[in-house]
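# Summary of the model geometry
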Amino acid sequence: MRLKVLLPQKLFTGFYMPNPHAALLRTMTSTLEKFIHSVDPRTLPRVLQIQSGIYFEGSIYEMFGHECSLSTGEVIKVIGFKINKLIASVCDNNEVSQFSAKVELPLNFPGLYKVVADKTPYVSIEEITRKVSIGPTRFGHPCFYSPEDIQLAKFTIKHGEHITFNSVEDVSGTMSVNCVVVRNNQCHSFTLPLSQEGKFYECEDDQIYTLKEIAEWKIPKCRNRIVKLSSTIHMWDFSNPLPENFDGCLILTPVYEVQAVMKFRKDIVHILSDLDVEVKDITDCYDISSFLQPLSLEDIFERTSKEFPMVAEILEGPSESKKPFKFLDTGNEIVIYRKYQATRVLASEIRSDSPKRYFLIPMSYKGRFKRRPREFPTAYDLDIARSEKEQLHVVATKAFDSPHKELFSVSVGDQFLVQQCQTSEVLYEGRKKLIDVLACEQILGDTYKKVLLPMYMEGRFVEVIHDKKQYQLSEICKEFRLPFNVKVSVRDLSIEEDVVAAMPGLQFEEEITDSYLLISSASNPVESWEIPVCRLNMSVHLLSKDVQTVEPPVTKTKVEEISEEQYYMLRRYENQTLRSPPRPPKKPTLSPKPGFAVPKQGVTYVLQAPKCQLQDHIQVHISTSSGRWLQQTIGELNG
């Protein structure tokens, strides 16, 4: 039921402007969706008045966590908005068929998609910044080109060159975009003012994205987005709304969710943009300070260090499944003592099947670890893993026949001590050629034989562990190169639930530096805890209360289990510089020489988690008669 009501004068108590101006404001109405398309997120928060409300009968005030009743005349403060879901239409030749049904897709709908470049140009830099998401990650660095040369004071952008937009800043009083053009493998940085006009076309994007990533970064306001299915992810439990064996294009239309604060409520309300209401922006004539000021953890972290400690009330706590501490319920008060950067070790569960579990382990973890064997797919990986501290000892679990007589051919069960990387001269297609090789010593009982393995060889090796020492986390990070395989040998007794102690094996992947806040319960401040700023979704309202003690109580940390999505976000964006260099090109697979114990159907090896703590050796299953012997040998070598 829609209600259109003329309001009495007393409802406009929040206005600064005299009453004659209110008549003008009433003519400037729009739908909620049009408001979202027109507003610059940098100008938030904005105050809206509901001009034509909607009300659901039966005293229903919320539906599925979203506000569905807004009375005419009600005033709300919009603090943010994001895409909540997508309406998809199957299209041919980038056009929607009139017979194409529309389906609703949640943001976690599986699959990887390529973005089809928009053929409609933008007419100014200001239009791009208003409609396209520009942010700190690589997702927020859109690329455009101009069909005409653009002459700047000290630089000329040639027509067709890809211009990467990195950030929007105030440059000497002029709002501008920081841009980069790559020319002759060199980056040229410059700024473009928002007033710059012309035709700017979106560049083709060869990356693949999830629907959630597309919704957050790749759908311009006031425009639809065409995407092409690149590959499917088999993880969807419900009936698939798309046509069977679909591999074509979709036109995506976003439905936004508005986060807002209402005049007489403390909690944050969520309103879908397709709600049938009309609104009017009255920010310029309303006392915005009369609303509560919700702050995210990111907002709190941006405060200066001098403002800490502070007392806050939780307006919207994390969901029950993601709540790390019981006292983070909506309505509770917390003390926030300080902000800082802290180091965590990113670890993944070692298992052959999926799904894996992922953890962030604090450096203060008091448990101890024993080493577990690592597996290396190539000789190149052996070179990366070797260290000055100890010699790497491995067993080959896959045969390799060298195409060069100067280099060694590997049989299943061969044992090696890895030495160093060097170059060697080989005969290649009738000519001598220098290639990278890995110098090793083959173990032959009590004797050793020097051999050279081609760096590109695709074998498979399992590490032999001679070290029985128990290590602290800090010792492992200091003495060994990550990634590194371990198992908890002594759990951390200071943690109520040590989730990593039950894991049969962990791989320490890398050290992560992240943002944290130190908090405690205001009503019972007996201990303080670290909470992650970027992975805990909650909002608070600062209270004008004095903190009883500036020094926090005893600080406790816990192992944080993260989702697969959060794991890949950490790996993709925060630590790209720590990745291994690209591997050398692969060589064609050659048939093994006669006499090698390799069957025609091939060899398969599966690393399995031990069935119990006593079986602390790696199990290698090989489809040859030597499989039982090799499994027993590796088990004995690793103790």
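Because the structure is a prediction, the values reported are computed rather than measured.

Turning next to the overall build of the protein chain. Along the backbone of the protein chain there are 9 helices and 39 strands. Counting the 639 residues in the protein chain, one finds 46% classified as buried. In the protein chain, of all internal contacts separated by at least 6 residues, the share reaching a separation of at least 24 is 69%. Taken as a whole, the protein chain presents about 34500 Å² of accessible surface, with 51% of it coming from carbon and sulfur.

The antiparallel open sheet is built from 6 strands, whose spatial order is 28-33-29-30-31-32. Each having just a single partner strand, strand 28 (375-376) and strand 32 (447-454) make up the two edges of the open sheet. Inspection of the sheet shows strand 29 (residues 393-396) paired to strand 33 (residues 461-463) by 3 bridges, in the antiparallel sense. Bridge pairing in strand 33 links Val-394 to Glu-463.

Turning our attention to unusual backbone geometry. Pro-309 follows Phe-308 through a cis peptide bond whose omega is 0°. Mapped onto the secondary structure, Pro-309 falls in the loop between helix 5 (297-301) and strand 24 (310-316). Between Leu-482 and the following residue, Pro-483, the backbone shows a cis peptide bond with an omega angle of 10°. Phi angles above zero are rare outside glycine, and Ser-172 is one such case at about 55°. Structurally, the position occupied by Ser-172 is in the loop between strand 14 (163-171) and strand 15 (174-183).

The next thing to look at is the pairing of strand 34 (residues 484-490). Among the 7 residues of strand 34, 5 are classified as buried, and the element is accordingly described as predominantly covered. Here 4 bridges tie strand 27 (residues 368-371) to strand 34, and the two strands are oriented antiparallel to one another. When the bridges of strand 34 are listed, Lys-370 appears paired with Lys-487. The pairing of strand 34 with strand 35 (residues 506-521) spans 3 bridges and is antiparallel. Looking across to strand 35, one finds that Phe-484 is bridged to Phe-508.

In this section: the confidence of the model for the protein chain. Per-residue confidence for the protein chain averages 79 on the pLDDT scale, and 80% of its residues sit at or above 70. Least confident of the elements in the protein chain is strand 1 (residues 2-3), whose mean pLDDT is 36; most confident is strand 11 (residues 143-145), at 96. The low-confidence segment residues 1-27 (pLDDT under 50) makes 40 contacts with residues lying over four places distant or belonging to another chain. Between residues 57-61, whose pLDDT stays under 50, and residues either more than four places distant or in other chains, the model counts 10 contacts.

Mapped onto the secondary structure, Ile-531 falls in strand 36 (residues 528-532). Ile-531 gets classed as buried once you look at its relative accessible area, which sits at 1%. For Ile-531 and Leu-518, which are 13 residues apart along the polypeptide, the C-alpha to C-alpha distance reads 6.5 Å. Apart from the residues lying within four places of it in its own chain, the contact partners of Ile-531 are Leu-297, Phe-325, Ser-515, Tyr-516, Leu-517, Ile-519 and Leu-536.

Before going further, it helps to examine the sheet that holds strand 15. In spatial order, the strands read 10-17-11-14-15-16; together these 6 strands make up an open sheet with antiparallel pairing. Two strands in the sheet have a free side with no partner beyond their single neighbour: strand 10 (122-124) and strand 16 (186-193). Taken over all neighbouring pairs, the strand axes of this sheet differ in orientation by 45° on average, direction set aside. Bridging between strand 11 and strand 14 involves 2 bridges; their strand directions are antiparallel. Paired with Cys-143 across the two strands is Thr-164, which belongs to strand 14.

Procedures and definitions
- Residues numbered from 1 in each chain as written.
- Predicted model: local features only at pLDDT ≥ 70, side-chain atom pairs only at ≥ 80, totals over all residues.
- Heavy atoms only, no water.
- Helix = DSSP H or I, 4+ residues; strand = E, 2+ residues; numbered from the N terminus.
- Buried < 20%, exposed > 50% of the residue type's maximum accessible area, 1.4 Å probe, protein only.
- Contact = heavy atoms within 4.5 Å.
- Areas by Shrake-Rupley, 256 points an atom, 1.4 Å probe, with all protein chains shown as cover.
- Pairing = 2+ DSSP bridges.
- pLDDT = per-residue confidence, 0-100.
- Axes fitted to C-alpha atoms, helices over the stretch in contact; angles between N-to-C directions.

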